[in-house]
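# Structural features, examined
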Amino acid sequence: MTSPILDVKNLHIRYGGASADAVRGVSFTLGRERLGIVGESGSGKSTVGRALLRLLPSAKITAETMRFEDIELLSLTEKQMLGIRGRRMSMILQDPKFSLNPIRKVGDQVAETYLRHFKCSRKEAGEKAIAMLEAVKIRDPERVCEQYPHEISGGMGQRVMIAMMLLADPDVVIADEPTSALDVTVRLQVLNILDSLVRDRGIGLIMISHDLNLVRNFCDRVLIMYAGRVVETLAARDLDKAQHPYTRGLLAAQPRIGGARAPLAVLDRRPEWLEEVSR
Amino acid sequence: MSKRRLSLQGATGQIGTILVTLLGLLILTFIIGRMMPADPVRAIVGEDATRETYEQVFRSLGLDRPLWEQFFYYLGDVLTGDFGTSIRTGQPVIQDILHVMPATIELATFAILIGAGLGVPMGVIAAVNKDRWPDHVVRVLSLFGHSMPIFWTGMIALIVLYAKLDLVGGSGRMDQFYIGLVPETTGFLLIDSLLAGEMDVFWSAVNHLILPASLLGYSSSAYITRMTRSFMLDQLGQEYITTARVKGLSKHQTIWRHAFVNIRVQLVTIVALAYGSLLEGAVLIETVFAWPGFGQYLTSNLIIGDMNAVMTCVLIVGVIFIALNLLSDVLYRLFDPRTR
Ligand SMILES: Nc1ncnc2c1ncn2[C@@H]1O[C@H](COP(=O)(O)OP(=O)(O)OP(=O)(O)O)[C@@H](O)[C@H]1O
Ligand SMILES: [Mg+2]
């Protein structure tokens, strides 16, 4: 295997004012692959994603290593970090209703990523933005560029978000529940667009989700997080062979189309699982 | 097409609202006029007038009519631009007000420039550094400005900065020496002196303006700071700020290009409101600095119960606030795409 794009060892994160770590000793690597992170609410998935981009100003982040290619992210200054964000690593946020600036035109907002990282004219950046909007399958991108976020649908908003975050051609993209705010009818469409772009461009993708089925279909590998730790790492196709009781519990709690209509299992949580892993 | 109709409907609705508000305002001023403890007839005829003269004037003012009829007379007068004569000055009220208003506008305009110039940056700095030392410093500064007794501070400042140090001009709009030197064209001394080419008068006026305007500005900056801080905090907590940072924008760019741009309409609105209260309420400063403005005019008339003058002043204050509200509505429509 070639050397990973991201290499994280023993990552700890504590929010300012909190009495315990929100993330406690997480380790993983990411190659040019699609890595899923699943786990229940509050298990620390988003915290890991945001820490990778150093977006948690109030939190204390420590790790043996948090390396992006051969850059040690934790030893970069904020100024150096600005060159990484958006350009080398970016993140797709959850809900376009909130993650797009409500009073700026869509085209402007997309082009801003390009303008920020490349020396070029506004016009050039605008053309790049239009080409990228085409790539996320937006019909009539010139018109959409002139619209405001409240004038476009959620599915289209999330495609705009994808365009914005892939425009500067990053190597790593973190997608934090990219479809959970969307109508079920457009989820698959948006995921397929993201998936094909990520594959074509050889981007390393971290897909954060609650949804085991989604991760099973769109990822190569899956990390299962529980209470700030990774309890198990599996190839997506081996999810059913999971060993850890927490993962098995998660699987049992998933509804299945065409499955038996028994009541869904309720998740079992045990304090001893916190201790046994990542030692 | 349908969008245009909608905005047309909005405009008609707005005009309707304004008309109703104006009517309400007129009713209010009318009631204030009738409830004033002064006797307008006595004020005209004097203490020693005979009963007959009194009754005659009483009738000629229409005071023997039912109230609603009186109100319609009043309405008719206002609509034809007749605001009556001031008992105190013997001049048409409107002429008096046109004479005093420029002094107040000059003062209030400088004050609001200072107030917003201080308050907006301080509010942004406080929000960006929430709960760190710059925030605390700003809080103390604006608390001080807010609770400063302006009458007292004004006097101390006059004693120290004018009488002792002679850094600024004293009371009045210019040095005694220059009074009457430039013809009153617009009423704005700064403009009139420039028009007349009298630079000495101009600088004297600036010198006299600077202290009261700074004091007023500082005290109104407290409110502007507080509001700016809370508007900014609100925006900085939004998810689109995270998006901007993920794109690689610096803190500075995120604050000014995203958060600040998004609060400009709210800012203009509260600055306009602060300006409105400066236009109406610089009474204390005008008294301390012997500034011949609207605030002084209103108080002197209130004290002697000059009904026509007081009613017109109240009406003007009301109209100023209606106009400012209208301005903020228009701004929202222009700058916030969600309201279109
Ligand atoms: N800004 C913050 N300040 C303090 N604690 C926080 C903050 N954000 C998150 N936390 C805490 O950190 C832990 C992990 O939160 P995180 O948002 O990473 O979970 P998550 O797995 O993404 O959950 P979800 O699935 O609900 O998005 C939680 O216990 C949460 O309460
Ligand atoms: Mg989350």
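What this report covers is the structure whose coordinates are included nearby. (Residues numbered from 1 in each chain as written. Chains lettered and ligands numbered in written order. Predicted model: local features only at pLDDT ≥ 70, side-chain atom pairs only at ≥ 80, totals over all residues. Heavy atoms only, no water.)

Residue and element names in this part refer to chain A. Spatial ordering of the open sheet is given by 7-8-9-3-10-11, a layout of six strands whose pairing is mixed. Two strands in the sheet have a free side with no partner beyond their single neighbour: strand 7 (89-92) and strand 11 (229-235). Going from strand to strand, the sheet's axes swing by 20 degrees on average, the running direction of each strand aside. Sheet topology places strand 7 next to strand 8 (residues 172-176); four bridges connect them, and they run parallel. In the strand pairing of strand 8, Met 91 is matched with Ile 174. Along the sheet face, helix 1 (residues 45-52) touches strand 3 (34-39), strand 7, strand 8, strand 9 (204-209) and strand 10 (221-226) and points at about 150 degrees away from the line of strand 9. Strand contacts of helix 7 (residues 154-166): strand 7 and strand 8, with the helix running at about 175 degrees to strand 7, the strand carrying the most contacts. (Pairing = 2+ DSSP bridges. Helix = DSSP H or I, 4+ residues; strand = E, 2+ residues; numbered from the N terminus. Axes fitted to C-alpha atoms, helices over the stretch in contact; angles between N-to-C directions. Contact = heavy atoms within 4.5 Å.)

Now for the site of ligand 1. All names here are of chain A. Taken together, Tyr 15, Ala 22, Glu 40, Ser 41, Gly 42, Ser 43, Gly 44, Lys 45, Ser 46, Thr 47, Glu 177 and His 210 are the residues near ligand 1. Interatomic distance of 2.8 Å between a backbone N/O atom of Gly 42 and an oxygen atom of ligand 1. Ser 43 is positioned with one of its backbone polar atoms (N or O) 3.3 Å from an oxygen atom of ligand 1. Residue classes in the shell around ligand 1 are distributed as two nonpolar, seven polar and three charged. (Near = heavy atom within 4 Å. Polar contact = N/O pair within 3.5 Å; in protein donor to acceptor, adjacent residues only side chain to side chain. Nonpolar A, V, L, I, M, F, W, Y, C, P; charged D, E, K, R; others polar.)

Turning our eyes to something else, we now look at the packing of helix 4 (residues 106-117) of chain A against helix 7 of chain A. Residue and element names in this part refer to chain A. Axis separation between helix 4 and helix 7 bottoms out at 7 Å; the angle between their running directions is 25 degrees. Considering their axes alone, helix 4 and helix 7 lie roughly parallel with respect to each other. The segment helix 4 lies against helix 7, with Val 106, Gln 109, Val 110 and Thr 113 engaging Val 160, Ala 163 and Met 164. Split into classes, the residues belonging to the contact of helix 4 with helix 7 amount to five nonpolar, two polar and no charged. (Parallel < 35°, antiparallel > 145°, perpendicular 65-115°, else oblique.)

The subject of this paragraph is the side chain of B:Ser220. Residue position: B:Ser220 is located in helix 9 (residues 199-236). Ignoring anything within four residues of it in the chain, the contact list for B:Ser220 reads B:Ala111, B:Ile112, B:Gly115 and B:Leu278.

Counting across every chain of the model gives 27 salt bridges over all chains. As a salt-bridge pair, A:Arg34 and A:Asp195 come within 2.6 Å of each other at their nearest N and O atoms. Of this pair, A:Arg34 sits in strand 3 while A:Asp195 sits in helix 8 (residues 184-200), and the two are 161 residues apart along the sequence. An identical accessibility class is assigned to A:Arg34 and A:Asp195; each is buried. Between B:Arg173 and B:Glu106 there is a salt bridge, and its shortest N-O distance comes to 3.0 Å. With B:Arg173 in the loop between helix 7 (150-164) and helix 8 (189-195) and B:Glu106 in helix 5 (residues 93-128), this residue pair connects regions lying 67 residues apart in the sequence. The pair B:Arg173 / B:Glu106 is uniform in exposure class, with both members buried. (Salt bridge = Lys/Arg side-chain N within 4 Å of Asp/Glu carboxyl O. Buried < 20%, exposed > 50% of the residue type's maximum accessible area, 1.4 Å probe, protein only.)

Time to look at the environment of B:Thr269. Residue and element names in this part refer to chain B. Tracing the sequence through the fold places Thr 269 in helix 11 (residues 251-281). For Thr 269, a relative accessible area of 15% puts it in the buried group. Counting along the chain gives 246 residues from Thr 269 to Leu 23, while the straight-line C-alpha distance between them is 24 Å.

Before going further, it helps to spend a moment on the interface of chain B and chain A. Contact residues are listed per partner, giving 21 residues for chain B and 30 residues for chain A. Of the roughly 2,200 Å² buried between chain B and chain A on both sides combined, carbon and sulfur atoms contribute 58%. In terms of surface lost to chain A, no three residues of chain B exceed B:Arg245, B:Val246 and B:Lys247, which account for 32% of the buried area on that side. For the pair chain B and chain A, the number of links is three salt bridges. The salt bridge partner of B:Glu239 is A:Arg50, with a shortest N-O separation of 3.0 Å. The tally of links from chain B across to chain A stands at 13 residue pairs in polar contact (both at pLDDT 80 or more). Those elements giving two or more residues to the side of chain B that touches chain A turn out to be helix 10 (239-246) and helix 11 of chain B. (Buried area = accessible area lost by both parts, 1.4 Å probe.)

Bringing the packing of aromatic side chains into the picture now. Residues and elements named next belong to chain B. Inspection of the entire model under this criterion finds 10 aromatic pairs over all chains. Measuring from ring centre to ring centre gives 5.3 Å for Phe 30 and Phe 71, while their planes differ by 75 degrees; the resulting arrangement is edge-to-face. One end of the pair, Phe 30, is in helix 1 (residues 2-35); the other, Phe 71, is in helix 4 (residues 67-79), with 41 residues separating them in the sequence. The residues Phe 30 and Phe 71 share a single accessibility class, namely buried. These aromatic residues form a ring-pair network of at least three members: Phe 30, Trp 68, Phe 71, Phe 72 and Tyr 74. (Phe/Tyr/Trp six-rings, centres within 6.5 Å; stacked < 30°, edge-to-face > 60°.)

Axes are the key here: two packed helices are described by the angle between their axes and the distance separating the axes. Residues and elements named next belong to chain B. With their axes 5 Å apart at the nearest point, helix 5 and helix 9 run at an angle of 35 degrees to one another. As for how helix 5 packs across helix 9, the hand of that crossing is right-handed. A breakdown of the residues in the contact of helix 5 with helix 9 according to their chemical character gives 22 nonpolar, nine polar and two charged. (Left-handed = near helix turned anticlockwise from the far one by under 90°.)

It is worth stressing that arrangement in space is one thing and function is another; only the former is reported here.
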